[in-house]
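Spelled out, the chains give:
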4 protein chains.
Amino acid sequence: MAALLRRSRNVLRWNRNVDFAYVSTRSMASKTPVGFIGLGNMGSPMAKNLLKNGYPVIATDVFPETCKELQDLGAQVVVTPAEVAEKADRIITMLPSSPNVIDVYTGSNGILKKVKKGTLLIDSSTIDPTVTKEMAFAAEKMGAVFMDAPVSGGVGAASMAKLTFMVGGVEEEFTAAQELLACMGATVVYCGQVGSGQAAKICNNMLLAIGMIGTAETMNLGIRLGLDPKLLAKILNMSSGRCWSSDTYNPVPGVMEGVPSANNYQGGFGTTLMAKDLGFAQNTATNTKTPIPLGSLAHQLYRVMCSRGYANKDFSSVFQFLREEEGQ
Amino acid sequence: MAALLRRSRNVLRWNRNVDFAYVSTRSMASKTPVGFIGLGNMGSPMAKNLLKNGYPVIATDVFPETCKELQDLGAQVVVTPAEVAEKADRIITMLPSSPNVIDVYTGSNGILKKVKKGTLLIDSSTIDPTVTKEMAFAAEKMGAVFMDAPVSGGVGAASMAKLTFMVGGVEEEFTAAQELLACMGATVVYCGQVGSGQAAKICNNMLLAIGMIGTAETMNLGIRLGLDPKLLAKILNMSSGRCWSSDTYNPVPGVMEGVPSANNYQGGFGTTLMAKDLGFAQNTATNTKTPIPLGSLAHQLYRVMCSRGYANKDFSSVFQFLREEEGQ
Amino acid sequence: MAALLRRSRNVLRWNRNVDFAYVSTRSMASKTPVGFIGLGNMGSPMAKNLLKNGYPVIATDVFPETCKELQDLGAQVVVTPAEVAEKADRIITMLPSSPNVIDVYTGSNGILKKVKKGTLLIDSSTIDPTVTKEMAFAAEKMGAVFMDAPVSGGVGAASMAKLTFMVGGVEEEFTAAQELLACMGATVVYCGQVGSGQAAKICNNMLLAIGMIGTAETMNLGIRLGLDPKLLAKILNMSSGRCWSSDTYNPVPGVMEGVPSANNYQGGFGTTLMAKDLGFAQNTATNTKTPIPLGSLAHQLYRVMCSRGYANKDFSSVFQFLREEEGQ
Amino acid sequence: MAALLRRSRNVLRWNRNVDFAYVSTRSMASKTPVGFIGLGNMGSPMAKNLLKNGYPVIATDVFPETCKELQDLGAQVVVTPAEVAEKADRIITMLPSSPNVIDVYTGSNGILKKVKKGTLLIDSSTIDPTVTKEMAFAAEKMGAVFMDAPVSGGVGAASMAKLTFMVGGVEEEFTAAQELLACMGATVVYCGQVGSGQAAKICNNMLLAIGMIGTAETMNLGIRLGLDPKLLAKILNMSSGRCWSSDTYNPVPGVMEGVPSANNYQGGFGTTLMAKDLGFAQNTATNTKTPIPLGSLAHQLYRVMCSRGYANKDFSSVFQFLREEEGQ
């Protein structure tokens, strides 16, 4: 931790002195090619939105078949992250977990093997913030600029370019990042030094998990006490109990339409993913000695749910998990 | 519990058959006197708003000095709840706890000693819902109608007639109750059979407590991770972490103005009161075998805070409780 | 609560003055008939042990067929608790829940309808302590002596007269109670005024539940970290992690023989029963404003388990509940 | 994590092939010098016990003054860990935290700079198990053997050579480690591959923390319900609620003598240290996706206690933390 803090201080100092030179070598006015690595459920629609906005895209993925569609739309597909780095001086990565990010950046065919000085690297994956800081440190050693920009919003938001990006990194580079991210999202927020994007996302998702479980408990209790669920939701939503989970994503079937609870908890944001993000919250809280009693318990409940068959259901299925079984 | 359920079923049946006759004996068109029992911080401004709306008020309180001001404003002050019941066929009670309510209704000088048939009794206290049902049962035996109408909103809202009333009781009587409650509040919601008002309030306050502790933990974690508190609040409030405690009543000093956190957690809604309401949530959850893991933990945390010197601070002081001590 | 406290103070005063007269009317030297109400899984072997010790038994149960076996062994079977009270001046009750106890004592054919002055009433049911106090109060009004004596130990211990009785009531009557209880148990502990037996049992079972879940979590974590479960149990049991659940009733299949975990969690102490006892702990803690964070969470976890198919498994099945699903 | 697992598999394979050669170079029959690094409250009495058993000791510490006493007793004091490694082929380290261990082993004057092939390195510190595995990997690269052997027991047990050592590492080396550890402890348990000692210790301390908080809650609840604390402890200790914290280290002042609760929670095992160990439990649980609901909550409670002035009190002071404040 001490080592990491020292490193990031270096990062900032280094950037202050040297960075502007690099920036000047990057072409921002014209639409030069943008690299995109990771064409999964989220990455694919994001890359399409870059194409739609007129950016040439140099793309790759470990699963070549996922590149087909993008190729048909005009993207140039290459084999390795290193090749992307040879052809583009702005690269976006959107990967499922920390080990993938480590491999894509520092692996034997990774970006950093061929990265050009001054290249802007934007990682939109949600990963362990300590890995974020390590990648940033490694990128700087190569003269590149690393920013973390995890997203809020699902596949639908990615398709409609309605994502929210929470961006961490050197403030002078934020405008350059924003230019690209604004093609893929409705909101791009600068959060502070590198890692701050991940920190903001972790914080948001911890509070989201607490609000969701709290809403599920509360709705369940109210129903048991004889209240009509729609009426209860209405009362909460005009009172101080109001939260996103009660007014926008209610976990009780029948209360709202167009949300996972109306569709047997299919789609949405899976319990496994929420458990993963809460694991990051738990780790960062432990490392910073921050007490998070409710966040911790929320984490444990989502962990138990993963063990009990809810891994792939939307995280609002905690309502179902807490309900009495049918027939009892 | 079985007994209580049986009773409330009786209530409903009884009302369906007999109630309308009683209603006709109560004068709703003209502004006949309204009784008001309990002139504390909340009751006093509520009663004043009845006076302002042109209702003659017959008032009493165990502390005679609290009646002075109301008397000067034109209220008739009497000595006992029984006397109120002799002079008014619509009575509102606003008392601090269950034993007070039991005493005011069923005590030796209580309302039910002198209550007239068809009298409308509205209890705005926040109390144990089992007591609510017992009072309703006792009132019905005397031919009176009992409704529970606990409030959301503090002393300020009471003064400005901006309270929210959550009303439980026979639906046919709701209009009669609404006529009076609308003089004292901005919103009057019908929640269902008697006890439903208490149930709705308990549910709201449980979710409120969870949201508040969750917000405090999240803001604290974010600050420890290097995020600016105002920026973090802004990000949460435009994301899925949003809740009333983050966007309207933020617990971190310096993030918002005009909230208790801006004033050393003075005023607002005391930790003791929140712990009391969470006790009701806990009891009703236990009695109905409803799991409320976060609600339960929120209850325990507010209990510990009461023991550690936070009893009289606003419940948003949980942020302070969770913070590292100064100088460490 | 205040009312209850006042009542129990009365109880004590009343007993101090009047009790000894009554005691003298009860024959303690010779083996006069003992009443026994509630011949379920626990009550039946308990009553048999009274017969074995030479006491004539007057028995009843709501299910007449459960009386057959006892009748064959020499007990006199009657139809109602009131009849038992007519024929015996020492009566033991062993019933499944609070409503049964209320009915057996204060119902229209209940004990108190026919109880003789000075009769010793011993309730071995595990029930809500507030009901215990109400029964004691009602019994005293009839001139009888009420003691609570809930048991620790299951059906096996009941058969072998190895139960532990935790006794609450007037100290002067403890010897009289002990005479009978010692026929059915190995240990009879005087805990204090009426209700203290229930209090001691609730406390024990709360700590038991915490220890069991803690042991299950710890064993699971150790196994995940690569430790052999038998070795880990051995290490814990010679260290400060040691508890009854780790050294006598280990929840991990394969670590011990002759415990429910060795038999697919059949038999033992059901999750539903543990959830019920934790509900009493929760209620008494809420009523006395005592923070019990772990006890509360243990309660919630057993509540969730009841909803997820573990209701009838031994409470050590929490280990299974927390494990990753097979095949994941 | 994957990387770590791969490494430790290498460790085992490597050891199986090559290790015995090295072992033969180490003199086990005669009492050759033993290195000891870290002469704090625990390390100092441990090193003395080696001297008492006739082993020449080569010692060092970052605070030279702590070496004085040992020097007077006959130890040879040197300046750096590297010098210890030059002079001894068996070295024990006892350090306060992970960064110290990293520095002592891999720092610029660290053991591994001068370590001889076949040297036996025993780390008795309680640290992050991932650091343990990294140190083991680094040691093996130098041809040395690394074992983790954290202790259970405090300063008193260290002085009286009554510690318990939980040992992880190659099984073939256990006898060599045992020879030395038996001079300083009463029990030396082999737990499995490297890291298993830390795992066992973490598991024990997590269950210990749960048992302690559970005991504190239970005793507090019982006292509130009117039970005598000594009597309640006696009842628990002969029942299924029994645990080390109730029968050996009771947290309630006045129940036992010779424990921290009898001495205003001075001495013993500090709350900060318990919070640290629970942090390791939390991290390993998160990394292995193991749900630990009570362990997690115990962690959070000790975290809050550290913030509220209990950092340096014995961890049994959680009883005091949960009690109502004096004068309320």
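Residues numbered from 1 in each chain as written. Chains lettered and ligands numbered in written order. Predicted model: local features only at pLDDT ≥ 70, side-chain atom pairs only at ≥ 80, totals over all residues. Heavy atoms only, no water.

J.: A description of the packing of aromatic side chains should follow, citing residues and the corresponding values.
T.: All chains considered together, the criterion is met by 28 aromatic pairs over all chains. Judged by centre distance (5.5 Å) and plane angle (85°), the ring pair of B:Tyr310 and B:Phe321 falls under edge-to-face. Here B:Phe321 lies in helix H14 (residues 318–322) and B:Tyr310 lies in the loop between helix H13 (293–307) and H14, a separation of 11 residues in the sequence. Classification of B:Tyr310 as buried rests on a relative accessible area of 6%. For B:Phe321, a relative accessible area of 1% gives the class buried. The ring of A:Tyr55 has A:Lys31 lying over it, and the distance from NZ or CZ to the ring centre is 4.7 Å. (Phe/Tyr/Trp six-rings, centres within 6.5 Å; stacked < 30°, edge-to-face > 60°. Helix = DSSP H or I, 4+ residues; strand = E, 2+ residues; numbered from the N terminus. Buried < 20%, exposed > 50% of the residue type's maximum accessible area, 1.4 Å probe, protein only. Lys NZ or Arg CZ within 6 Å of the ring centre and 35° of its normal.)

J.: Could you give me a rundown of the interface of chain C and chain B, with the residues and numbers involved?
T.: Taken together, the 15 residues of chain C in the interface contact 15 residues of chain B. Roughly 1,300 Å² of surface becomes buried between chain C and chain B when both sides are summed, with 57% attributable to carbon and sulfur atoms. Considering only the surface of chain C that becomes buried against chain B, C:Thr286, C:Gln300 and C:Arg303 emerge as the three largest contributors, covering 39% of it. Here chain C and chain B share zero salt bridges between them. In this structure, the connection of chain C to chain B is made through six residue pairs in polar contact (both at pLDDT 80 or more). For the side of chain C that touches chain B, the secondary structure elements donating two or more residues are helix H12 (271–287) and helix H13 (293–307) of chain C. In terms of residues, the side of chain C that touches chain B owes the most to one element, H13(C), which gives six residues. (Contact = heavy atoms within 4.5 Å. Buried area = accessible area lost by both parts, 1.4 Å probe. Salt bridge = Lys/Arg side-chain N within 4 Å of Asp/Glu carboxyl O. Polar contact = N/O pair within 3.5 Å; in protein donor to acceptor, adjacent residues only side chain to side chain.)

J.: Outline the domain arrangement of chain A, listing residues and values.
T.: Residues and elements named next belong to chain A. For chain A, the assigned domains are domain 1 (2–193) and domain 2 (200–321). Contact with domain 1, which involves 10 residues of that partner, is made by seven residues of domain 2. Between domain 1 and domain 2, the buried area comes to about 700 Å², and carbon and sulfur atoms account for 67% of it. Among the residues of domain 1 in contact with domain 2, Thr126, Pro129 and Met166 are the three that bury the most area, contributing 54% of the side total. Scanning the region where domain 1 abuts domain 2 turns up zero salt bridges. Applying the counting rule to domain 1 against domain 2 returns four residue pairs in polar contact (both at pLDDT 80 or more). (Domains from an automatic or database assignment.)

J.: So what's going on with the interface of chain A and chain B? Which residues, and what values?
T.: For an interface, size is often stated in terms of accessible area lost upon the parts coming together. Listed by partner, the interface residues are 56 residues for chain A and 56 residues for chain B. The contact between chain A and chain B buries some 4,900 Å² in all, and 70% of this surface belongs to carbon and sulfur atoms. Remark: the boundary between chain A and chain B carries two salt bridges. Linking chain A to chain B there are 20 residue pairs in polar contact (both at pLDDT 80 or more). With 19 residues, the single largest contributor to the side of chain A that touches chain B is helix H9 (residues 196–224) of chain A.

J.: Can you tell me about the UniProt feature "domain: 6-phosphogluconate dehydrogenase NADP-binding" (unreviewed entry) in chain A, naming the residues and giving the values?
T.: UniProt's entry tags residues 34–192 of chain A with the feature "domain: 6-phosphogluconate dehydrogenase NADP-binding" (unreviewed entry), counted in the numbering of this structure. Helix makes up 36% of residues 34–192 of chain A and strand 24%, with an end-to-end C-alpha separation of 24 Å. (UniProt positions renumbered as here; feature names shortened; annotations may be inferred.)

J.: Just give me the short version of the relation of the copies chain C and chain B, but keep the residues and values in it.
T.: The operation relating chain C to chain B is a screw motion whose rotation component is 180°, with 0.0 Å of axial translation and a residual RMSD of 0.0 Å. The relationship between the two copies is best expressed as a two-fold rotation axis. In this assembly, 100% of the residues forming the interface of chain C have copies in chain B that are likewise at the interface, indicating an isologous arrangement. (Least-squares fit on C-alpha atoms with pLDDT ≥ 70 in both.)

J.: Which residues make up the side chain of C:Asn204, and what values do they have?
T.: With respect to the helices, strands and loops of the structure, C:Asn204 is situated in helix H9 (residues 196–224). Reaching out from C:Asn204, the side chain makes a polar contact with the side chain of D:Ser240 at a distance of 3.0 Å.

J.: Talk me through the relation of the copies chain A and chain B; I want residue IDs and the actual numbers.
T.: It takes a turn of 180° to lay chain A on chain B, together with a shift of 0.0 Å along the axis; the resulting RMSD is 0.1 Å. Both copies contact each other with a shared surface, as 100% of the interface residues of chain A are interface residues in chain B too.

J.: Can you explain the environment of D:Lys276? Please cite residues and give values.
T.: Structurally, D:Lys276 can be placed in helix H12 (residues 271–287). When the C-alpha positions of D:Lys276 and D:Leu39 are compared, they lie 20 Å apart, and in sequence the two are 237 residues distant.

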